Amino acid sequence: MSVKVTVIGGGVAGAELIRVASPSPLEFTLIEPKSQIELQALYPEYLGGLAKLEELTAPLRPFCDRMGADLLNERALRLEDNTVVCDKSRVGFDVAVIATGAAQNYFGVRGAEKTFSVNTLEETSRARRFVEEKNPDRVMIMGSGLTGVETAAVLSESLDASIYIVEARDRVLPQFSLQTSKLIEKALAKKGVNILTSHQVCEVKEDCILFADGICLDCDMAIWTAGIKPPEFIQNLSFPKKNGWILVDPHLLAKDGVFAIGDCTWVEVDGKLATKTAVEAERQAKHTARNLTRQAEGKSLERYSVRASTDSQVALISLGCDCAVGVVGKMCIGAPTRLIYSLKSWIDRSFIRRFKV
Ligand SMILES: Cc1cc2nc3c(=O)[nH]c(=O)nc-3n(C[C@H](O)[C@H](O)[C@H](O)COP(=O)(O)OP(=O)(O)OC[C@H]3O[C@@H](n4cnc5c(N)ncnc54)[C@H](O)[C@@H]3O)c2cc1C
C-alpha cells in the first residue's frame, strides 16, 4: 500500500522536498495557497528593479504535475489527528511535513504594521510600486539583518534618495561576526547608506520615525525588516515548541508521523542551532526526502546534521549589482567582489529554474 505524504507549504523547503523525492512510490499532496514557488532571496533585487518576476518565481501546478504530486491551492488551518483541515477541504495523511516558513514580526511597535516589508512577494511588489510611483526622498529601513542590509544596498543603487538603515544593537548584522559587520558597514557607507546603530524604534508615524530617546526623523518610506515569528498555522499547533517554533528531534520529526522543516522549526542537533536560511531549508528538505524513502522501505531514520548554524553562519550577502560578500563560519571572504555577486546571482536564479519545465 502506498504512503500518503502531505506537505504543508510549497516554499523553498516544501517544493524542494517534493522535487528531490520524485519520482517515488510515495503519494504526495502539496497544500499551498499561492500558485507559485517564490524565492525570497531575490526580493530585495526585485524591489530595486534588478531581478525580473520570472527569475524569482516558478508556477506550482506544472511542477506538481511533472512530479506526480497533487496540489491543493488552499491554506492549512490546523491538524486534527491524521487530517489537515484547510479553508475548504480536509486532507488525510499517513505522514505530514510542515514547511510553512515564517511571518514578519513587528514586536508590537506602534505603526510598524503599516510600513512596507520585503517578507512576501505581495508586500515587495507593493513597495516596488510605491518606489516607482512616489519616488521617495528619504527611505528608512528598520532592521539590519540580511534582508535589511541587502534592501539598503539595492535601493542605494536604484533610487536617488537618502537611505537609512536603523538597528537597535550596536552594529549591523549583529548575528554575524564583528569582522563581517565592520566590512558590511564600510561597504554600505561607501554606497552612501546612512547607518543608525543603537537606535531603538519606538513608533512609526505617517511621515517620521520616533526613537526611544525622543528623537523623531522624517521619512517618506518606512520598510520593516526587523524580525520574524512563527506563522499563524504554527501558533495554532499544540506541538512541543521552542520560542514559538516547532521543536524537532535530530530526525526532524515534530512527533510520530509529522516532520517539520525550514524556517518554521527550531532545529538544534549536537549543540548546533540551524539558521533560518534557504541554505538550511534546502538541506533539511533533501534530508527529509531521503528519510521518507527510508521509512517507506522499513529502514531506520538518519540523523540530521546542521550546516549553517547560528554560531557558524554560511551566507552570500548581496550588496547590489556590483558586489557581494561571502561568509563561512567566522571567516568573511575578502573585500566585497563582483565574483561573489555573480556566484550568488547564479545560485539564486538556478534554484528557481529547477522547478520549471
Ligand atoms: C528578503 C529575504 C532575503 C533572503 N535572502 C536569503 C539569502 O540570500 N540566502 C538564504 O539562505 N536565505 C535567505 N533568506 C531566507 C530564506 O528565504 C528562508 O530561510 C527560506 O525561504 C525558508 O524556506 P521555507 O520553505 O521554510 O519558507 P518559505 O520559503 O517562506 O515557504 C513557506 C511557504 O509556506 C506557505 N504557507 C504559509 N502558511 C501556510 C499555511 N497555513 N498553509 C499552507 N501553506 C502555507 C507560504 O505561502 C510559503 O509558500 C531571505 C529571506 C528574505 C525574507
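Conventions adopted
Residues numbered from 1 in each chain as written. Predicted model: local features only at pLDDT ≥ 70, side-chain atom pairs only at ≥ 80, totals over all residues. Heavy atoms only, no water. Helix = DSSP H or I, 4+ residues; strand = E, 2+ residues; numbered from the N terminus. Rg over C-alpha atoms; globule rule 2.2 N^0.38 Å. Buried < 20%, exposed > 50% of the residue type's maximum accessible area, 1.4 Å probe, protein only. Contact = heavy atoms within 4.5 Å. Areas by Shrake-Rupley, 256 points an atom, 1.4 Å probe, with all protein chains shown as cover. Lys, Arg positive; Asp, Glu negative; His and termini not counted. Charge placed at Lys NZ, Arg CZ, Asp CG, Glu CD. Pairing = 2+ DSSP bridges. Axes fitted to C-alpha atoms, helices over the stretch in contact; angles between N-to-C directions. Phe/Tyr/Trp six-rings, centres within 6.5 Å; stacked < 30°, edge-to-face > 60°. Lys NZ or Arg CZ within 6 Å of the ring centre and 35° of its normal.

(A) Structural detail: the overall build of the protein chain. On a plain count of helices and strands, the protein chain comes out with ten helices and 29 strands. For the protein chain, the C-alpha radius of gyration of 21 Å lies close to 21 Å, the compact-globule estimate for 357 residues. Considering only C-alpha atoms, the protein chain reaches an extent of 65 × 40 × 40 Å along its principal axes. Here the protein chain holds 357 residues, and the buried ones make up 53% of them. Long-range contacts, defined as pairs at least 24 residues apart, comprise 62% of the intrachain contacts of the protein chain with a sequence gap of at least 6. Carbon together with sulfur atoms contributes 49% to the accessible area of the protein chain, which is approximately 16,300 Å² in total. Across the protein chain, the 44 positively charged side chains and the 45 negatively charged ones have centroids separated by 4 Å.

(B) Local environment of unusual backbone geometry. Of note, the bond from S22 into P23 is cis; its omega dihedral lies within 30 degrees of zero at -5°. Within the secondary structure, P23 is located in the loop between helix 1 (12–21) and strand 2 (27–31). In this model, L173 sits at a positive phi of 45°, which is unusual for a non-glycine residue. Examined against the element boundaries, L173 turns out to sit in the loop between strand 13 (162–166) and helix 7 (178–190). Assessed through its relative accessible area of 0%, L173 is described here as buried.

(C) A look at the sheet that holds strand 22 (residues 253–255). If you trace the six strands from one edge of the open sheet to the other, you get 5-2-1-9-23-22, paired in mixed fashion. The open sheet has two edge strands with one neighbour each: strand 5 (70–72) and strand 22. Mean inter-strand twist for the sheet, computed between neighbouring axes without regard to direction, equals 25°. With three bridges joining them, strand 9 (residues 95–98) and strand 23 (residues 258–260) adopt parallel strand pairing. Looking across to strand 23, one finds that V97 is bridged to F259. The strands touched by helix 1 within the sheet are strand 1 (4–8), strand 2 and strand 9, with strand 2 carrying the most contacts at an inclination of about 160°.

(D) Here's a closer look at the packing of aromatic side chains. What the rule picks out here adds up to four aromatic pairs. Aromatic side chains F63 and F355 sit 5.1 Å apart centroid to centroid with 75° between the ring planes, which places their arrangement in the edge-to-face category. On the criterion of sequence distance, the pair formed by F63 in helix 4 (residues 60–67) and F355 in the segment after helix 10 (338–353) is long-range, its members being 292 residues apart. Accessibility expressed as a relative area gives 0% for F63, which makes it buried. Judged by relative accessible area, F355 falls into the buried class, the value being 1%. Relative to F130, the ring of F116 has its centre 4.8 Å away and its plane inclined at 45°; by these criteria the two rings are tilted. Here F130 lies in helix 5 (residues 121–134) and F116 lies in strand 11 (residues 116–117), a separation of 14 residues in the sequence. Here the aromatic residues F63, F351 and F355 are joined through ring pairs into a cluster of three or more. The ring of Y46 has R128 lying over it, and the distance from NZ or CZ to the ring centre is 4.5 Å.

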